[in-house]
Amino acid sequence: MQITRRAVLLGLAGLPVIGAQTPAWATSFRTITWEDLIPEGVPYSEIVGEGSYDEANDTWLPDFDANAYKFVDALDGAQIRMPGYMLPLETGGTRVTQFILTPYVGACIHVPPPPPNQLVFVTSQKPWRSAGMFEAVWVQGTIKVNPVSTNLAEIGYDMVADEIEPYVWE
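Starting from 1, residues in each chain are numbered consecutively following that chain's sequence as written. Reporting of local features is limited, given that this is a predicted model, to residues whose pLDDT is at least 70; pairs of side-chain atoms are given and counted only at 80 or more, and all residues count toward the totals for whole chains, interfaces and linings. No hydrogens and no water enter the side-chain calculation; it runs on all heavy atoms of the structure.

1. Description of unusual backbone geometry
The condition is simple: A run of DSSP states H or I qualifies as a helix once it reaches four residues; a run of E qualifies as a strand once it reaches two. Both are numbered from the N-terminal end.
Phi angles above zero are rare outside glycine, and Phe134 is one such case at about 60°. Relative to the assigned elements, Phe134 resides in the loop between strand 6 (120–129) and strand 7 (135–149).

2. Observations concerning the environment of Trp138
Looking at the secondary structure, you find Trp138 in strand 7. Residues Trp138 and Tyr167 lie 29 residues apart in sequence; the distance between their C-alpha atoms is 5.6 Å.

3. Quick look at the nonpolar core
For clarity, the threshold we go by: What makes a nonpolar core is a set of buried Ala, Val, Leu, Ile, Met, Phe, Trp, Tyr and Cys residues whose side-chain atoms join them at distances within 4.5 Å. Each residue gets one of three labels from its accessible area relative to the maximum for its type: buried under 20%, exposed over 50%, partly exposed in between, using a 1.4 Å probe on protein chains only. What makes two residues a contact is simply this: any of their non-hydrogen atoms within 4.5 Å.
Judged by nonpolar contacts, the single largest core of 23 residues is most densely connected at Leu37, Leu75, Leu101 and Val120. Of all the secondary-structure elements, those providing two or more residues to this core are strand 4 (78–88), strand 5 (95–102), strand 6, strand 7 and strand 8 (154–166). Once residues lying within four places of it in the same chain are set aside, the contact partners of Leu101 are Trp34, Met82, Pro83, Gly84, Tyr85, Gln118, Leu119, Val120, Val122, Val137 and Val139. Ranked by size, the runner-up nonpolar core spans 14 residues in total, among them Cys108, Leu119, Ala136 and Trp138.

4. Some words on the packing of aromatic side chains
Where we set the bar: Ring pairs are drawn from Phe, Tyr and Trp, using the six-membered ring of Trp, whenever the two centres fall within 6.5 Å, and their geometry is named by plane angle: stacked under 30 degrees, edge-to-face over 60, tilted for the rest.
Evaluated as defined, the whole model comprises two aromatic pairs. Taking the centre distance of 5.5 Å and the plane angle of 85° together, the rings of Phe71 and Tyr157 count as edge-to-face. With Phe71 in the loop between strand 3 (59–61) and strand 4 and Tyr157 in strand 8, this pair connects stretches of sequence that are 86 residues apart. Phe71 gets classed as buried once you look at its relative accessible area, which sits at 15%.

5. Things to note about the environment of Gly77
Locating Gly77 in the fold gives a position in the loop between strand 3 and strand 4. Under the relative-accessibility criterion, Gly77 is labelled partly exposed at 35%. Ignoring anything within four residues of it in the chain, the contact list for Gly77 reads Thr142, Ile143 and Lys144.

6. Observations concerning the confidence of the model for the protein
Our working definition: Each residue carries a pLDDT score, the predictor's confidence in it, ranging from 0 to 100.
Per-residue pLDDT for the protein has a mean of 80; in total, 78% of the residues score no lower than 70. A low-confidence stretch, residues 1–20 (pLDDT under 50), is modelled with 48 contacts involving residues beyond four sequence positions or located in other chains.

7. Thoughts on the side chain of Glu135
Rule in force here: In summary, the charge assignment counts Lys and Arg as positive and Asp and Glu as negative, without counting His or the chain termini. Note on definitions: salt bridges are taken to be side-chain nitrogens of Lys or Arg within 4 Å of carboxyl oxygens of Asp or Glu. Whenever two N or O atoms come within 3.5 Å, that pair is a polar contact, provided that in protein one can donate a hydrogen and the other can accept it, and provided that, for residues adjacent in sequence, both atoms are side-chain atoms.
Inspection of the secondary structure assignment puts Glu135 in strand 7. We note that Glu135 is buried and unpaired, the nearest opposite charge coming from Arg129 at a distance of 9.9 Å. Within polar-contact distance, the side chain of Glu135 engages the side chain of Ser130 at 3.5 Å.

8. Brief notes about the pairing of strand 5
We apply this condition: Pairing between strands is defined by DSSP: at least two bridges between the two strands are required.
Relative to strand 5, strand 4 is paired through four bridges, and the arrangement is antiparallel. Bridged to Pro88 within strand 5 is Phe99. Direction of pairing for strand 5 relative to strand 6: antiparallel, over a ladder of six bridges. Bridge pairing in strand 6 links Gln98 to Thr123.

9. Quick word on the pairing of strand 8
Pairing of strand 6 with strand 8 involves five bridges; the strand directions are parallel. When the bridges of strand 8 are listed, Phe121 appears paired with Asp158. Note that strand 7 and strand 8 share eleven bridges and pair antiparallel. By the bridge assignment, Val137 is partnered in strand 8 with Pro166. Between strand 7 and strand 8, which pair antiparallel in sequence order, lie four residues.

10. Regarding the side chain of Gln118
Structurally, Gln118 can be placed in the loop between strand 5 and strand 6. Exposure remark for Gln118: the relative accessible area of 0% places this residue in the buried category. Within the structure, Gln118 has its side chain in polar contact with the backbone oxygen of Trp34 (distance 2.9 Å).

Right under this line is the structure:
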């Protein structure tokens, strides 16, 4: 298990954080990590503010500063592969075609959502047979800077997946 500075900052050092082991099928795509989604010189510790707790909805509402809405424009249209945890947006089935790729387990559901520049909205023409929420996967495809808003979180990037593969811990 790899512990990143992001996990430590968010108090998630006990949760598995996905690293960058590469699947065999991904050799022609650039492998990126979650830190690659934050522009150089933007300190992660300044992205997330204190926030507030919405007792009526039992939800933490994080306060993000302007750094959370800074994206890496050089990634717009890039062919990449990256690991993450799948948060399906469809319910009632095992075939997933839309999901949020998150950097850690529980993001957007059990703990405050990460900032927009740490979430990727993924769509796939080929349905993925999901084993459940927060399944660890590799996703390969074209990423774009395209902020979108969902009922779960503000998302800064979107990606059309060409391939999805289980993440295998080594």
